[in-house]
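# Structural features, examined
Chain residues, written in single-letter form:
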Amino acid sequence: MFVLDTSGSMSTSYQVDDCYLSQMLIKRRRKQNSQFNRDYYNNPPFGSSRFHQISRLECVIMGVEAQLKNLKEQQPNTRVSIVTFDAEVTVIGDGSQDPLILTGDKLNDFDRLMEFGRTYASTAKKLKPIKESYETLLEQLCLLEEKGATSLGPALTTCLGMIQQLECRGNIVIATDGHANNGIGSLEIIDDRSARGVDYNKEIQRVSKFYVDLADLMKKTGTAVSILRIKGSSDCKLEVLSILAEKTAGSIDIVDPTMLREHFEKLLNDKVVATQGTIRIVSCAAVMFRAALKLDPPGSNNNKMEEENKFTSVDIDVGNITVSEIIAPPNII
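It should be emphasised that the depicted structure is a prediction, and the values quoted were computed from it without experimental measurement.

Glancing now at the nonpolar core. Counting 38 residues, the largest nonpolar core has Met1, Val3, Ile172, Ile174, Tyr211 and Leu244 as the members making the most contacts within it. Not counting the four nearest positions on each side in its chain, Val3 is found in contact with Val83, Phe85, Ala155, Cys159, Ile172, Val173, Ile174 and Ala175. Listed in part, the 36 residues of the second largest apolar core include Met62, Leu137, Cys142 and Phe264.

Now the structure itself:
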């Protein structure tokens, strides 16, 4: 699932040359009646060198386009869904039905957002494989525009509702250039309240709880959440958002927007292969793990390790396990 930031700051532009541009982006520019093309691409001069300004959003669009093409060719039965967020949350899904647009007070209500996600997924019943949805998704990508604020929390909550309803697992890849500042999970309120003398650390802890709870629920579904923060953008409050990746075996990368294609590919190849994973560590009797000790309540005079814990071992909950986390066993000669 691609969760894409389409907020106003995604209009920031970069200079690239002709060879970087995809045919879909050229098509998109033509549809927008941009000065980008005119007669040049109808008959480009041989060996010419042309440079163009493209936005962060257009870099993201080309990154997603490249991955859709790879999936269609290499994993044609993979199911792909797209969700965008700005001042609104738009669920495009696989493009086979009308987009679901959430706005206003809905963005502040966790339960309603979950229900909207479940209802949409229930209507969709089953996402189409990429071999069937490819062309439609490309058309939807061409229509994306930058506008408004950054409703990241509401977008992820809606995605969770969809995932629970579809009873699927996989990867969520978030591409964003700014911190969430609209709806549930807004991080802007941290700065606002701190400016009024409220303790910054307490505000971080309060808002972080939303993302901790969200990460726990994502983890239970077997979904890995990864974040691509666009280099040179504003503070995304990664110290808060990082819990999404840490708890779900995802990753966080700060990337040059012109390198998004490569980073999307790396993340999509790192699939979740097991959920609710546990590692058991067993040692000899000379070593004890603090986590394995079962002590009597405070104040008791009987604080000794219980008999059943003499053989020291500890179970560590690791949740989702991805391909990159599997270590091949050594060769035994």
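Our next topic: the packing of aromatic side chains. If you walk through the whole model with that rule in mind, you get two aromatic pairs. Between Phe110 and Phe210 the ring centres are 6.4 Å apart and the planes differ by 85°, which places this aromatic pair in the edge-to-face class. Note that Phe110 is positioned in helix H3 (residues 110-124) and Phe210 in helix H7 (residues 200-221), a separation of 100 residues in sequence. According to the relative accessible area criterion, Phe110 is partly exposed, its value standing at 25%. Given a relative accessible area of 14%, Phe210 falls into the buried group. Ring plane angle 80° and centroid distance 4.8 Å describe the contact between Phe210 and Tyr211, whose orientation is recorded as edge-to-face. Pair check on accessibility: Phe210 and Tyr211 agree, each one buried. Three or more aromatic residues link up through ring pairs in this structure, and these residues are Phe110, Phe210 and Tyr211.

Pairing is mixed across the open sheet formed by seven strands, whose spatial order is E6-E5-E4-E1-E7-E8-E9. Strand pairing shows two members of the sheet lacking a second neighbour, strand E6 (100-102) and strand E9 (252-255), which therefore form its edges. Ignoring which end each strand starts from, the neighbouring axes of this sheet average 15° apart. Sheet topology places strand E7 (residues 170-176) next to strand E8 (residues 223-230); seven bridges connect them, and they run parallel. Along E8, the bridge assignment pairs Thr176 with Arg229. The strands that H3 touches are strand E5 (89-93) and E6; relative to E6, the one it contacts most, it runs at about 175°.

If you walk through the whole model with that rule in mind, you get six salt bridges. Between Glu115 and Arg118 there is a salt bridge, with its nearest N and O atoms 3.4 Å apart. On the criterion of helical spacing, the pair formed by Glu115 and Arg118 is a turn pair, its members being three residues apart in helix H3. Looking at Glu115, the relative accessible area reads 41%, which means it is partly exposed. Since its relative accessible area comes to 26%, Arg118 is described here as partly exposed. Linking Asp216 and Lys247 is a salt bridge whose minimum nitrogen-to-oxygen distance equals 3.0 Å. Remark: Lys247 occurs in helix H8 (residues 238-248) and Asp216 occurs in helix H7; sequence separation between them is 31 residues. With relative accessibility at 27%, the residue Asp216 sits in the partly exposed group. For Lys247, a relative accessible area of 25% puts it in the partly exposed group.

Helix H2 (residues 56-74) packs onto helix H1 (residues 23-31) with a crossing angle of 135° between their chain directions and a minimal axis gap of 9 Å. The angle between H1 and H2 places the two elements in the oblique class. For the element pair H1 and H2, the recorded crossing hand is right-handed. Judged by residue contacts, Met24, Leu25, Arg28 and Arg29 of H1 engage Leu57, Glu58, Ile61, Met62 and Glu65 from H2. Per-class residue counts for the contact of H1 with H2 are five nonpolar, no polar and four charged.

The rules behind the values
Residues numbered from 1 in each chain as written. Predicted model: local features only at pLDDT ≥ 70, side-chain atom pairs only at ≥ 80, totals over all residues. Heavy atoms only, no water. Core = buried A, V, L, I, M, F, W, Y, C linked by side-chain atoms within 4.5 Å. Buried < 20%, exposed > 50% of the residue type's maximum accessible area, 1.4 Å probe, protein only. Contact = heavy atoms within 4.5 Å. Phe/Tyr/Trp six-rings, centres within 6.5 Å; stacked < 30°, edge-to-face > 60°. Helix = DSSP H or I, 4+ residues; strand = E, 2+ residues; numbered from the N terminus. Pairing = 2+ DSSP bridges. Axes fitted to C-alpha atoms, helices over the stretch in contact; angles between N-to-C directions. Salt bridge = Lys/Arg side-chain N within 4 Å of Asp/Glu carboxyl O. Parallel < 35°, antiparallel > 145°, perpendicular 65-115°, else oblique. Left-handed = near helix turned anticlockwise from the far one by under 90°. Nonpolar A, V, L, I, M, F, W, Y, C, P; charged D, E, K, R; others polar.

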